Protein chains: 2
Amino acid sequence: MRSTFRERSLGTSARDQAYVALRKAIVGAELEPGRRLSENQLAELIGVSRTPVRDALARLRDERLVAIVPQLGTFVTYIDEEAIADAHFVREALEVSAIRIAARDAGVDQLRDLHENLEAQERAVADDDAASFARLDDDLHRQLCDLSGREVAWRLSERTRGQLDRVRLLSLPEAGYRGQMLAEHRAVVGAVAGHDAVAAERELRSHQRMVLSSLPAIRDAHPEYFQED
Amino acid sequence: MRSTFRERSLGTSARDQAYVALRKAIVGAELEPGRRLSENQLAELIGVSRTPVRDALARLRDERLVAIVPQLGTFVTYIDEEAIADAHFVREALEVSAIRIAARDAGVDQLRDLHENLEAQERAVADDDAASFARLDDDLHRQLCDLSGREVAWRLSERTRGQLDRVRLLSLPEAGYRGQMLAEHRAVVGAVAGHDAVAAERELRSHQRMVLSSLPAIRDAHPEYFQED
DNA sequence: GCTTGCGTACTTGTATACTAGTACGCGACA
DNA sequence: TGTCGCGTACTAGTATACAAGTACGCAAGC
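Reading guide: rules and limits
- The numbers attached to residues start from 1 for each chain and follow its sequence in the written order.
- Ligands are numbered from 1 and chains lettered from A, in the order in which they are written.
- Residue-level local features of this predicted model are given only where pLDDT is at least 70; pairs of side-chain atoms are given and counted only at 80 or more, and the full residue set underlies all totals for whole chains, interfaces and linings.
- Hydrogen atoms and water are omitted, and side-chain values are computed over all heavy atoms in the structure.
- For two strands to count as paired, DSSP must find a minimum of two bridges between them.
- Secondary structure elements follow DSSP: runs of H or I no shorter than four residues count as helices, runs of E no shorter than two count as strands, and numbering proceeds from the N terminus.
- A side-chain nitrogen of Lys or Arg and a carboxyl oxygen of Asp or Glu constitute a salt bridge if their distance falls within 4 Å.
- Remark: exposure states derive from per-residue accessible area (1.4 Å probe, protein chains only) relative to the maximum for the residue type, with buried under 20%, exposed over 50%, and partly exposed in between.
- Contacts are residue-level and defined by heavy atoms, with any inter-residue pair within 4.5 Å sufficient.
- Note on geometry: axes are lines fitted to C-alpha atoms, helical ones only across the stretch in contact, with angles between N-to-C directions running from 0 to 180 degrees.
- When at least one non-hydrogen atom of a residue lies within 4 Å of a molecule or strand, that residue is treated as near it.
- Two N or O atoms count as a polar contact when they lie within 3.5 Å, although within protein this holds only if one can serve as hydrogen donor and the other as acceptor, and sequence-adjacent residues are included solely when both atoms are side-chain atoms.
- Two parts placed together each lose some accessible area under a 1.4 Å probe, and adding up what both lose gives the buried area.
- In this count, Pro and Cys sit with the nonpolar residues alongside Ala, Val, Leu, Ile, Met, Phe, Trp and Tyr, while Asp, Glu, Lys and Arg are called charged and the others, Gly among them, polar.

Asks: Which parts of the structure should I look at to understand the sheet that holds strand 1 (residues 36–37) of chain A?
Replies: Within a sheet, each strand pairs with its neighbour through backbone hydrogen bonds, oriented either parallel or antiparallel. Residue and element names in this part refer to chain A. Pairing within the open sheet is antiparallel, and its three strands lie in the order 1-3-2. The two strands at the open ends of the sheet, each matched to only one other strand, are strand 1 and strand 2 (66–69). Judged from the four bridges that link them, strand 2 and strand 3 (residues 73–76) form a sheet pairing that is antiparallel. Bridged to Val 69 within strand 3 is Gly 73.

Next comes the structure, spelled out in structure tokens:
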């Protein structure tokens, strides 16, 4: 089929294309919580067959962004505080374990990379560049995970992002939000640079709790996105 | 097809059937590391079509028990110390985080369940019942995870089991192995019962490290199961 | 004898056809 | 008017057909 060649970016499979498109739509609430999804409709919409769509949905189910009920339907999950608490728990457990090792082992080259990231974040804050900041935020957390030598830490932590991103994107970008994030990132990196594992753990825990604080506001703004309306 | 009705246990899908069969074969080294798997052959062997086999293989790839190379083949992964270290890292991070909460919050009913499990383990050790002991071991860890209120802890920890089970099953059942396991389980449960989070964490970490100690012996016995022969 | 190139027989990825099962509306009946 | 029951139109699960790409052996030429 010509369209597959034309529309599909180089090096990306139909499965990845479907996954990226669906994840973006769900996290951005374009496909709102509770919405019923038809594999056939999605396949037609994305321009692939049902098979890669099903693969993508299976992956999204792992992230608890959709729920698949056999012979009945596939639904975008409601925002569930339990699911978000689970995501937070996993992210905290993995990244804290990683940063303990990172604080112990980090070398000068790696610390330089961390500081370079912080400088880039500083520029992004100054330029009010939300997209760059979000990317750098992710990069920093990945760097910290990778410093532990256990790349699985980031791989699994990343999977919890779906739940947390949904919260982040829905929360209104308050003034000074990115500035506070940057300050917390500085505190975390500072503790790692000082090889202070206890402080690094404390700062990271405090930092990760931030995203949870915006939940009540979202519930007020979008009660229909939650299970009990 | 009649066979699907006849051979498939009640309530289990073809996908689950394929997953269970393949996982068992790989963990038990019936399908040895490095072995090339053909989706078509596996489908015929298990008695289902390629679709559920592919679903099962995708799940096994998540557990790093197989590696799928597009247009080339699917292979049973070699035993990789990095992969095992990753599995250990994840298991430790999640269960330690969970047991801290468990030690703080555990109530009398839940502690009674833990002690009942220990008593059952005692009987299994006395009866030299390996299968029961393995099941009770899993149950205990799941109970400890569930005590944290974050059932995701066990769900993810369980996924690392593939790597660790492969080590466990290959390691010769040394005399007194289960007795030592039971003693460590007692220490962990004792710390939880005493609401001593620090001790619980220490005992759990020590306990989990045990499985790693058998790795060198396995490498000696089965060098062909490792990447560099 | 060695190298090169093509053809065949695989592989996974994707598309489509078919099966089993659920929800729901509409019509018949009490 | 209310209720029961069946038929239709969906659903996801599974099976199969097709496409794209890799490995490898064998034959031809140097």
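Asks: Would you mind showing me how to read the pattern of salt bridges here?
Replies: Where side chains of opposite charge bring their charged atoms close, a pairing between them can arise. What the rule picks out here adds up to 63 salt bridges over all chains. Of the charged contacts, one joins Arg155(A) and Glu151(A) as a salt bridge, the two residues approaching to 3.5 Å between their closest N and O atoms. With Arg155(A) and Glu151(A) both in helix 8 (residues 151–159) and four residues apart, the pair spans about one turn of that helix. Residue classification places Glu151(A) among the partly exposed residues on the basis of a relative accessible area of 36%. The residue Asp128(B) makes a salt bridge to Arg178(B) at a minimum N-O spacing of 3.0 Å. Of this pair, Asp128(B) sits in the loop between helix 6 (108–127) and helix 7 (130–146) while Arg178(B) sits in helix 10 (residues 177–193), placing them 50 residues apart in sequence. Take Asp128(B): its relative accessible area is 57%, and that puts it in the exposed class.

Asks: Would you explain the environment of Val192(A) in this entry?
Replies: Of note, Val192(A) is situated in helix 10 (residues 177–193). When the C-alpha positions of Val192(A) and Arg100(A) are compared, they lie 8.4 Å apart, and in sequence the two are 92 residues distant.

Asks: Would you mind showing me how to read the sheet that holds strand 2 (residues 66–69) of chain B here?
Replies: All names here are of chain B. Taken in spatial order, the three strands make up an open sheet running 1-3-2, and their pairing is antiparallel. Of all the strands in the sheet, just strand 1 (36–37) and strand 2 have a single pairing partner and so form its edges. Where helix 4 (residues 50–62) meets the sheet, its contacts fall on strand 1, strand 2 and strand 3 (73–76), and the angle it forms with strand 2 comes to roughly 115°.

Asks: Honestly, the protein's contact with DNA strand C in this entry has me stumped. Any pointers?
Replies: What surrounds DNA strand C is a group of 23 residues, the closest being Ala14(A), Ser49(A), Thr51(A), Arg54(B) and Gln71(B). Of what DNA strand C places within 4 Å of the protein, 62% of the atoms are sugar or phosphate. Within the side chain of Arg15(A), an N or O atom sits 3.2 Å from a phosphate oxygen of DNA strand C. Between DNA strand C and Arg54(B) there is a distance of 2.5 Å, counted from a phosphate oxygen to a side-chain nitrogen or oxygen. At the level of secondary structure, the elements contributing two or more residues to the surface near DNA strand C comprise helix 2 (14–27) and helix 4 (50–62) of chain A together with strand 1, helix 4, strand 2 and strand 3 of chain B.

Asks: In this structure, what is going on with the interface of chain B and chain A? I would like to understand it.
Replies: Interfaces are often sized by the amount of accessible area the parts lose when they come together. At the junction of the two partners, chain B supplies 26 residues and chain A supplies 26 residues. At the boundary of chain B with chain A, total buried surface from both sides reaches about 2000 Å², with 49% on carbon and sulfur atoms. Inspection of the region where chain B meets chain A yields eight salt bridges. Arg150(B) serves as the salt-bridge partner of Asp86(A), at 2.4 Å between the closest nitrogen and oxygen. Our count for the chain B to chain A interface comes out at six residue pairs in polar contact (both at pLDDT 80 or more). Going through the elements one at a time, helix 4, helix 5 (81–105), helix 8 (151–159) and helix 11 (197–213) of chain B are the ones with two or more residues in the side of chain B that touches chain A. Partitioned by chemical class, the residues of the side of chain B that touches chain A number ten nonpolar, two polar and 14 charged.

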